[in-house]
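Inside the fold
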Amino acid sequence: LYKSGINYAKIIARYTRPGRVLDVGCAAGFILKGFEKSGWQCYGVEPNDTMAAYGRTELKLDIKTGGLETYDSDNKFDLVNLIQVIGSLYDLDKSLSTISKLLNKDGLVMVESWDMKSFMARIMGKNWHEYCPPSVITWFSDNTLIQLFEYYGFKLKAKGRPHKRININHGISLFDASFPKFPFKKQILKFFSRTIGKYNIHYPPLDLKWYLFSKV
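Residues numbered from 1 in each chain as written. Predicted model: local features only at pLDDT ≥ 70, side-chain atom pairs only at ≥ 80, totals over all residues. Heavy atoms only, no water.

**Quick word on the sheet that holds strand β9 (residues 208-215)**
- Read from one edge to the other, the open sheet built from 7 strands follows the order β3-β2-β1-β4-β5-β9-β6, with strand pairing classed as mixed. Where the open sheet ends on each side, the last strands, each with one partner, are β3 (62-65) and β6 (154-160). Here the average twist between neighbouring strands, direction ignored, is 20°.
- Strands β1 (20-24), β4 (77-83), β5 (103-114), β6 and β9 of the sheet are contacted by helix α4 (residues 92-102), whose axis makes an angle of about 140° with β5. (Pairing = 2+ DSSP bridges. Helix = DSSP H or I, 4+ residues; strand = E, 2+ residues; numbered from the N terminus. Axes fitted to C-alpha atoms, helices over the stretch in contact; angles between N-to-C directions. Contact = heavy atoms within 4.5 Å.)

Structure representation (structure tokens):
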């Protein structure tokens, strides 16, 4: 997560200098810490107080407990991050309006989101790992996400696929939760967990994208 923050900061450096960033749904703040390493002045908001408290005490970050829908600040931001968050916002209208108010002129929004029209989502159907209400309540395609931000006064500056690494055991747990039972499923998953589970691999670029929007 820390490296992911640094990687996103490098992408954003092509379009603006480091300034003030708000990371929405920042969890314990490891992505935000990557932005701090890259020269950004960092703020976060996270609904889980245990996670937010860890970021405040252990990582020394300015993280408020709460959601974007109720977030209020005297600060104006140059960047707002929505890293795997857009699908969990319970009030999109209020959230996008809040972001617009919080951003400086020409401010940026970095979104990482799952593509519901991707090849992976289509072949997995109801077993697609990102179909997981109530933690995710809204799903977007490439086009509908861009249309959403255009409606609220943002234009797309760039998009791409993130370079992410995933622990194999984490992938196995997703497979276990998403796929129905089949003969010897538990034994097979235990075998792979014991033999290769500790290793990390690149997440295949099949259903996850990043988007950079600018306020206009």
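**Section: helix α1 (residues 2-12)**
- For α1, the set of buried residues is S4, G5, I6, Y8, A9, I11 and I12.
- Packed against the buried residues of α1 are α2 (30-37), β4, β5 and β9. (Buried < 20%, exposed > 50% of the residue type's maximum accessible area, 1.4 Å probe, protein only.)

**Quick word on the nonpolar core**
- L82, I86 and F149 are the most contacted members of the largest nonpolar core, which totals 28 residues.
- For this core, the secondary structure elements donating two or more residues are β1, β2 (41-46), β4, α4, β5, α6 (142-151) and β9.
- When neighbours within four sequence positions are excluded, I86 is seen to be in contact with L92, L96, V111, S113, F140, L145, L148 and F149. (Core = buried A, V, L, I, M, F, W, Y, C linked by side-chain atoms within 4.5 Å.)

**Focus: α2**
- Those residues of α2 that sit buried are I31, L32, G34 and F35. The buried residues of α2 occupy an angular sector of 150° when the element is viewed end-on, so they sit on one face.
- Its buried side turned inward, α2 meets α1, β1, β2 and β4.
- Residue G39 follows α2 closely and has a positive phi angle near 100°. (Arc of directions from axis to C-beta.)

**Overview of the pattern of salt bridges**
- Counted under the stated rule, the structure contains 5 salt bridges.
- Between R56 and D49 there is a salt bridge, with its nearest N and O atoms 3.2 Å apart.
- With a relative accessible area of 42%, D49 lands in the partly exposed category.
- Between D142 and K159 there is a salt bridge; the shortest N-O distance is 2.6 Å. With D142 in helix α6 and K159 in strand β6, the pair connects residues that are 17 residues apart, well separated along the chain.
- A relative accessible area of 42% places K159 in the partly exposed class.
- Look at the salt bridges and you will find they share partners, linking D115, D142, K159 and K209 into a network. (Salt bridge = Lys/Arg side-chain N within 4 Å of Asp/Glu carboxyl O.)

Read these as geometric descriptors, not functional statements.
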